[in-house]
Amino acid sequence: MKYKAYYRPQSVPETVELLASLEGPVVLFAGGTDILIYAREDDRYADSSIVNIFGLPELQGITLLDDEIRIGAGVTHTEIEQSPIIQKYAKVLADACRTIGSLQIRDHATIAGNICNASPAADSLAALAILDAKIEYLHEGKPCELPLVDLIAKPYKTVLTDRDLVTCIRIRRLPEGTQTVFYKLGRRKALAISRMTIALLAHRAADGTVDDFNITVGATFPKPYTFPEINGILLGKKPDPARIAEIAQAISAKIPEIAGIRKSTTFKQPVCRNMTARLLNELFTEA
Amino acid sequence: MKQTLSFTLNHKPYTIEADPCDRFLDVLRNDLSLRGTKEGCGVGECGACTIVINSNAVTSCLVLAGQADGADIMTVEGLSETEIGSVLQRCFIENGAVQCGFCTPGMLMSAYALLQHNPNPTREEIKEAIAGNLCRCTGYVPIVNSIEAAVKSLQS
C-alpha cells in the first residue's frame, strides 16, 4: 500500500494530538478490512497519513449502562456476537454481526469501521438503526454525538471529517421480554453481500398489545432509515393479520419511494413484503 | 519506510524491520520467507491466507503489518509443535483431506483456532468455523471428517 506516513498512537489523547498536528489527508485505520481492499484498486492513500488505532485501550469493551449499552468503537464483530450483554439486551445486533463476512473478517473488523465505511449493504446498520444507535466521536478533541441515521449521509459517505475519531456507539438496552429478529437474504449462507436484511424488535404488554416496536430494512436504501409512522401501525394495538399485512405493504412501498425504481425493485419489493409478513407472523404466533 | 516490529511468531520472539503498511501476508512470505501461508483471492474471501493472531483466525491479506506489532501469531509452520496442530495435520493426512493442498494451511489454521476455543465442537460448528475457507477441489467432507477425527483423537 502506498502512503505518506504511518503512526501508531498509544492512547486517545495521543491520537487527538497527533491528528491536530498532521497535514494532508488522514486515514484512521482500525481493523482495515475494507481499506486494504480499496488500497488494491489504486494508490488512493499515496498522500495520506495512516494512523493505526487498532487496539487502542479506550476503544475497547462493551458496558451495560442504565438504559443503554456502550460499545467501544474498536470492538470487533466477533466480540459483539459473543458478548453476554449484547446477547441478553440487544440480541438483534449479535445476530446481525454473526452474518457479516467470514469468521476471519469478524475476528478483525471493528463495529465503528463497519459504520464509517457506510456501505449500504453493511449488515450491522439495520440492527443498529432499530436500536437507536448514537455515535460518539471526537471532533478536534471535543466530544460530539450523532444518531446513526444522521451520521451516514449517502452510500460510503458519513458526515465525519477524516480527523473525527469515533470513540463509542451507544444503543438501547432492551427490556426483558423484548423479541428481536434479524433476517438476511444473500446469495448463499456464508460470506455473502446482503441483498436485503430485515431487523425488528417487538415487546408486548401483559394484555397482548404491542408497546414497543421498531422495524427496518437494510441493504435496500442508500443509508439507514427508521420509520416511526410504520411502527405506529402496530404500537398500542394487538397484532393481527390485517395490521401485519399493512406493515408489510407500507415498508415495501418505501423501496421505490426512497431508493427509486431500480432493476432490483421488481425483486426486492415482493420479497420485502412477503418476508416482513412472514417474520411478523412467526414472531407473534410463536409466543 | 521500514520500522521495527516486534511480535511472537510460532512461540518465538521476532524483531524485524518491515514496512508497517505492507500486508502481514507479504511480511510473512517475503520478509520472513515463511511461504506456508498462501495468497488466494487477496480480498479476504477465500481464507487461504488464514493465520491465528491473539487466538483469533484472521485473513492475513487484510492485516496490516503494523497491526502485528506486539501480537502473538501462529502460522501453519508452527502447527506441528503444538498438540492440537500436530493431531490436526495427522488427521488431515489419514482422512484424505488434502487434494491440491492450496487451501490446506488456511483450513488447518481455522480448525486450530476453533479447537483452541471449543475443544468439543459439533459437526455444524466445524462447518461454521471453516465457512470462510474455500476449497476449489471441493473436498469439504473429508476436511470436516478430519477435524471431527482430530476432536476424537485429542479427547482420547
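Keep in mind the model is a prediction, meaning the values are calculated, not measured. (Residues numbered from 1 in each chain as written. Chains lettered and ligands numbered in written order. Predicted model: local features only at pLDDT ≥ 70, side-chain atom pairs only at ≥ 80, totals over all residues. Heavy atoms only, no water.)

### So, the interface of chain B and chain A
Put simply, an interface is often sized by how much accessible area is lost when its parts join up. In plain terms, the rule: Any two residues whose heavy atoms approach within 4.5 Å at even a single point are treated as in contact. Defined here as a combined quantity, buried area equals the accessible surface (1.4 Å probe) lost by two parts on assembly, summed across both. Any carboxyl oxygen of Asp or Glu within 4 Å of a side-chain nitrogen of Lys or Arg constitutes a salt bridge here. What qualifies as a polar contact is a pair of N or O atoms within 3.5 Å, subject to a donor-acceptor requirement within protein and to the restriction that residues adjacent in sequence count only when both atoms come from side chains. A run of DSSP states H or I qualifies as a helix once it reaches four residues; a run of E qualifies as a strand once it reaches two. Both are numbered from the N-terminal end. Any residue outside Ala, Val, Leu, Ile, Met, Phe, Trp, Tyr, Cys, Pro, Asp, Glu, Lys and Arg is labelled polar, Gly included; the first ten of those are nonpolar and the last four are charged.
In this complex, chain B contributes 31 residues to the contact, which on the side of chain A involves 25 residues. Contact between chain B and chain A buries roughly 2300 Å² in total, counting both sides, with carbon and sulfur atoms accounting for 57%. With its nearest N and O atoms 3.7 Å apart, the salt bridge here joins R8 of chain A to D69 of chain B. On the surface where chain B and chain A come into contact, there are eleven residue pairs in polar contact (both at pLDDT 80 or more). Among the elements that make up the side of chain B that touches chain A, the one with the highest residue count is strand β4 (residues 56-59) of chain B (four residues). Of the residues belonging to the side of chain B that touches chain A, the class tally is 14 nonpolar, twelve polar and five charged.

### A word on the packing of aromatic side chains
Inclusion rule: Ring pairs are drawn from Phe, Tyr and Trp, using the six-membered ring of Trp, whenever the two centres fall within 6.5 Å, and their geometry is named by plane angle: stacked under 30 degrees, edge-to-face over 60, tilted for the rest. Only protein chains enter the accessibility calculation, which uses a 1.4 Å probe. A residue is then buried if its area is under 20% of the maximum for its type, exposed if over 50%, and partly exposed in between.
Throughout the structure, instances matching the rule amount to five aromatic pairs over all chains. Note on Y225 of chain A and F227 of chain A: the rings are 6.2 Å apart at their centroids and 10 degrees apart in plane angle, and the pair reads as stacked. Its relative accessible area of 28% is what places Y225 of chain A among the partly exposed residues. Look at F7 of chain B and F24 of chain B: their rings are 5.6 Å apart centre to centre, the planes differ by 90 degrees, and that puts the pair in the edge-to-face class. In this pair, F7 of chain B sits in strand β1 (residues 3-9) while F24 of chain B sits in helix α1 (residues 24-31), placing the two residues 17 residues apart along the sequence. We classify F24 of chain B as buried; its relative accessible area is 0%.

### Focus: the domain arrangement of chain B
Residue and element names in this part refer to chain B. Selection rule: Where a domain begins and ends is set by an automatic assignment or by a domain database.
By the assigned domains, chain B splits into domain 1 (3-77) and domain 2 (80-155). For domain 1 and domain 2, the distance between their C-alpha centres works out to 20 Å. Contact with domain 1, which involves 21 residues of that partner, is made by 17 residues of domain 2. Interface area, domain 1 with domain 2, both sides summed: about 1400 Å², of which 60% is carbon and sulfur. For the pair domain 1 and domain 2, the interface holds one salt bridge. Here K12 and E81 are joined by a salt bridge, their closest N and O atoms 4.0 Å apart.

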